[in-house]
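# Structural characterization, general
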Amino acid sequence: AQQLVESGGGLVQAGGSLTPACTIRGLRDDIMGWFRQAPGKEREWVSSITWTGGSTYYGDSVKGRFTISRDNANNTMYLQMNSLKVEDTAIYYCVAAIGPVSNWSSASEYNYWGQGTQVTVSS
């Protein structure tokens, strides 16, 4: 079974940057991604990336500000977050899917989830 461990969250001022990482154990040719959940809000899909990293996908709220990438040799995936806004404050979860994904934004498509890392953006 795969294990996903996030790191790199923290506190940053609006307009700043953070790059959370996800270390993957038991990696296969998985599609991976990020979801987030803010207090009192529904879980939101953020981004996904294919095994080779050749294809990336983003939710509308982060498009143009966030960049997803992966380093398979080091079993790590990253989410570079720039121009952060207060509304980006949430727990960010690393996810992995062991099969084809037909709906990138559907949480049910992803089989494995990390424990989450807190990102807080202050005004």
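Refer to the preceding data block for the structure.
Overview of the structure. Quick caveat, the model's predicted, so the values are computed rather than measured.

What follows is about the overall build of the protein chain. Within the protein chain, the regular secondary structure consists of 0 helices and 11 strands. Reading the protein chain from its N end, one meets helices and strands in the order β-β-β-β-β-β-β-β-β-β-β. Here the C-alpha radius of gyration of the protein chain, 13 Å, is about what a compact globule of 123 residues would show, namely 14 Å. In terms of principal-axis extent, the alpha carbons of the protein chain reach across some 40 × 25 × 25 Å. Buried positions account for 46% of the 123 residues belonging to the protein chain. Relative to all contacts within the protein chain whose residues are 6 or more apart in sequence, the contacts with residues 24 or more apart total 57%.

So, about the pattern of salt bridges. Taken as a whole, this structure holds 4 salt bridges when the rule is applied. Between Arg-36 and Glu-44 there is a salt bridge, with its nearest N and O atoms 2.8 Å apart. Exposure remark for Arg-36: the relative accessible area of 5% places this residue in the buried category. Connected through salt bridges with shared partners, the residues Arg-36, Glu-44, Arg-65 and Asp-88 form a single ionic network.

Thresholds, definitions, all that
- Residues numbered from 1 in each chain as written.
- Predicted model: local features only at pLDDT ≥ 70, side-chain atom pairs only at ≥ 80, totals over all residues.
- Heavy atoms only, no water.
- Helix = DSSP H or I, 4+ residues; strand = E, 2+ residues; numbered from the N terminus.
- Rg over C-alpha atoms; globule rule 2.2 N^0.38 Å.
- Buried < 20%, exposed > 50% of the residue type's maximum accessible area, 1.4 Å probe, protein only.
- Contact = heavy atoms within 4.5 Å.
- Salt bridge = Lys/Arg side-chain N within 4 Å of Asp/Glu carboxyl O.

By themselves, these figures tell us nothing about what the structure is for.
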